[in-house]
Amino acid sequence: MIRKTVKDSREALQGVEDGMTFMLGGFGLCGIPENAISELVRLEIKNITCISNNAGVDDFGLGLLLQKHQIKKMISSYVGENDEFERQMLSGELEVELTPQGTLAEKCKAAQSGFPAFYTPAGYGTEVAEGKETREFNGKMHVLEYAYSADFAFVKAWKGDEAGNLIFKGTARNFNPCMCGAAKITVAEVEELLPAGSLDPNEIHIPGIFVQRIFQGKQYEKRIEQRTVRPRN
Amino acid sequence: MLDKIGIARRIAKEVKDGYYVNLGIGIPTLVANFVRDDISVEFQSENGVLGMGPFPFEGEEDADIINAGKQTITTMPGASFFDSATSFGMIRGKHVHLTILGAMEVAENGDIANWKIPGKMVKGMGGAMDLVASADNIIVAMMHTNKAGESKLLKRCTLPLTGVGCVKKIVTNLAVLEIVPKGFKLLERAPGVSIETIKKATEGNLLIQGDIPEMEL
């Protein structure tokens, strides 16, 4: 067994530097790497590029990095729910690259799996396709999209073991598995870190080969963006 | 004339037995409430769940189980969770039978715009571009006119496009329309709405052939 465990978020984020590109898992605030984000805030890393489906809310998730002006560029599919983000984008302080959600996921996945690029029909005929190669397959037009290249991927899983194997919970899975192994170093934080042998190999979502560092996360807030309920009767 | 609930109720009739359905945010989300309960349907949410159920009871919300609108949800028996690439694989691979989404504008050639108002609203396209580029069966749920009373069914979209030539059917507060090579073919009128009203509210080419029945809800 190859051990991937590190003590905490401080050790896990060793080597992060100004100007780097990071992938961060999560959909809205669901399944975001809360501990890694806190550590990035503490380290005061600047001029970073973040590949993340969303940009958090004003006072949580990636919003915490935006508040401190640590982000130079965001690559996302949807950035609503964040006033500070909108302000920085409209004033030109923040560079934003909007990408269709399925394309964003696949650009991560391509990097994970060693595909330099792929064709997708998403965005053909729209401003997303401007300047990109297009090609017809089976009578339908497609756009060439390239795999991302990133320095670190920060993902959050439910359970993990010393070997870096991961299991996700519910829709907190989202982009997290796609980003594992898609950057030079993948850092996984988990709610429950277990000894090797504790997880059934049949139930592993992401094999440890895609993870370089794993640590036991602390104090998960797991904030809910839209609390919707129905009456009991 | 229909309200948003009425539009959702009418669209629910398009959902057939055995369909996997992706519902967008807004009016489309309401459609789930009106699907006949004697047919088998599974709702997909692109953030990674198939077999979405109703909102949870108070106190049973789970931060790890949400829909694409970031609302807390539940799952039905037979549900599954998956990652975002798999989710869009289902969509791009045409395994999802029906996509229902909102729009700011639809053009008579099937173009749709629903993600950006330059200089005003730039929240992003989310999964909409993937959905409209891949789905064979797309129904747009929207009001026939905007708040200023201007038609949203146009000759050409004025806003940045989400997809080209992809919309098949539109259900508005006034009518059900199908996109055909020559424009918007009027299929049904909303209860109490005259053809004249629909004509006035439609900027794009409106095709009226024979008697146009009132919708059955």
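Just above, that's the structure.
Residues numbered from 1 in each chain as written. Chains lettered and ligands numbered in written order. Predicted model: local features only at pLDDT ≥ 70, side-chain atom pairs only at ≥ 80, totals over all residues. Heavy atoms only, no water.

## Description of the pairing of strand β8 (residues 150-161) of chain A
Walk down a regular strand and you will see the side chains alternate between the two sheet faces.
Residue and element names in this part refer to chain A.
Then, in step 1: β8 sits mainly inside the fold: 10 of its 12 residues count as buried.
Then, in step 2: As paired strands, strand β1 (residues 21-24) and β8 are joined by 3 bridges and run parallel to one another. Bridge pairing links Leu24 to Phe154 in β8.
Then, in step 3: Here β8 pairs with strand β10 (residues 183-194) via 10 bridges, running parallel. Bridge pairing in β10 links Ala150 to Ala183.
Then, in step 4: Here β8 pairs with strand β9 (residues 166-167) via 2 bridges, running antiparallel. In the sheet register, Gly160 faces β9, and the bridge partner there is Leu166.
Then, in step 5: Hairpin connection from β8 to β9: 4 residues lie between these consecutive antiparallel strands, with Gly164 at a positive phi of about 90°. (Buried < 20%, exposed > 50% of the residue type's maximum accessible area, 1.4 Å probe, protein only. Helix = DSSP H or I, 4+ residues; strand = E, 2+ residues; numbered from the N terminus. Pairing = 2+ DSSP bridges.)

## Describing the sheet that holds strand β6 (residues 134-137) of chain A
All names here are of chain A.
Then, in step 1: Reading across the sheet, the 3 strands line up as β5-β7-β6 and stay open at both edges, with antiparallel pairing between neighbours. Two strands in the sheet have a free side with no partner beyond their single neighbour: β5 (117-120) and β6. Averaged over all neighbouring strand pairs, the angle between strand axes comes to 35°, with direction disregarded.
Then, in step 2: Sheet topology places β5 next to strand β7 (residues 140-146); 4 bridges connect them, and they run antiparallel. Among the inter-strand pairings, Ala117 is bridged to a residue of β7, identified as Tyr146.
Then, in step 3: Most of the contacts of helix α5 (residues 101-113) go to β5, to which it runs at about 155°, and overall it touches β5 and β7. (Axes fitted to C-alpha atoms, helices over the stretch in contact; angles between N-to-C directions. Contact = heavy atoms within 4.5 Å.)

## Digging into the nonpolar core
Then, in step 1: Formed by 50 residues in total, the largest nonpolar core has its most connected members in Val31(B), Ile100(B), Val106(B), Val140(B) and Ile170(B).
Then, in step 2: The contacts of Ile170(B), once residues within four sequence positions are left out, are Val106(B), Val140(B), Met142(B), Leu153(B), Ala175(B), Val176(B), Leu177(B), Ile179(B) and Phe184(B).
Then, in step 3: If you look at the next biggest cluster of nonpolar residues, it comprises 38 residues, including Leu13(A), Ala36(A), Ile37(A) and Phe154(A). (Core = buried A, V, L, I, M, F, W, Y, C linked by side-chain atoms within 4.5 Å.)

## Some points on the pattern of salt bridges
Then, in step 1: The tally for this structure, following the rule as stated, stands at 25 salt bridges over all chains.
Then, in step 2: Asp136(B) is the partner of Lys94(B) in a salt bridge, and the nearest nitrogen-oxygen pair spans 3.2 Å. Of the two residues, Lys94(B) is situated in the loop between α3 (84-92) and β5 (98-101) and Asp136(B) in the loop between α4 (128-134) and β10 (138-141); the sequence distance between them amounts to 42 residues.
Then, in step 3: A single salt-bridge network, built from bridges that share partners, covers Lys156(A), Lys169(A), Glu191(A), Lys222(A), Asp62(B) and Asp64(B). (Salt bridge = Lys/Arg side-chain N within 4 Å of Asp/Glu carboxyl O.)

## Description of unusual backbone geometry
Residues and elements named next belong to chain A.
Then, in step 1: With phi around 55°, Asn47 is a residue other than glycine that occupies positive phi space.
Then, in step 2: Its location among the elements puts Asn47 in the loop between α2 (34-43) and β2 (48-51).
Then, in step 3: A positive phi angle is found at Asn138, which is not glycine, with a value near 50°.
Then, in step 4: Looking at where Asn138 falls in the secondary structure, it is placed in the loop between β6 and β7.

## Let's talk about the sheet that holds strand β15 (residues 206-207) of chain B
Residues and elements named next belong to chain B.
Then, in step 1: Here 10 strands make up an open sheet; going across it, the order is β4-β3-β2-β1-β5-β10-β12-β13-β14-β15 and the pairing mixed. Edge positions in the sheet fall to β4 (75-81) and β15, since each has one partner strand and no second.
Then, in step 2: With 2 bridges joining them, strand β14 (residues 183-189) and β15 adopt parallel strand pairing. The residue bridging Lys185 from the neighbouring strand is Leu207, located in β15.
Then, in step 3: Packing of α3 onto the sheet brings it into contact with β1 (20-23), β2 (42-45) and β3 (49-52), and relative to β2 it is tilted by some 120°.

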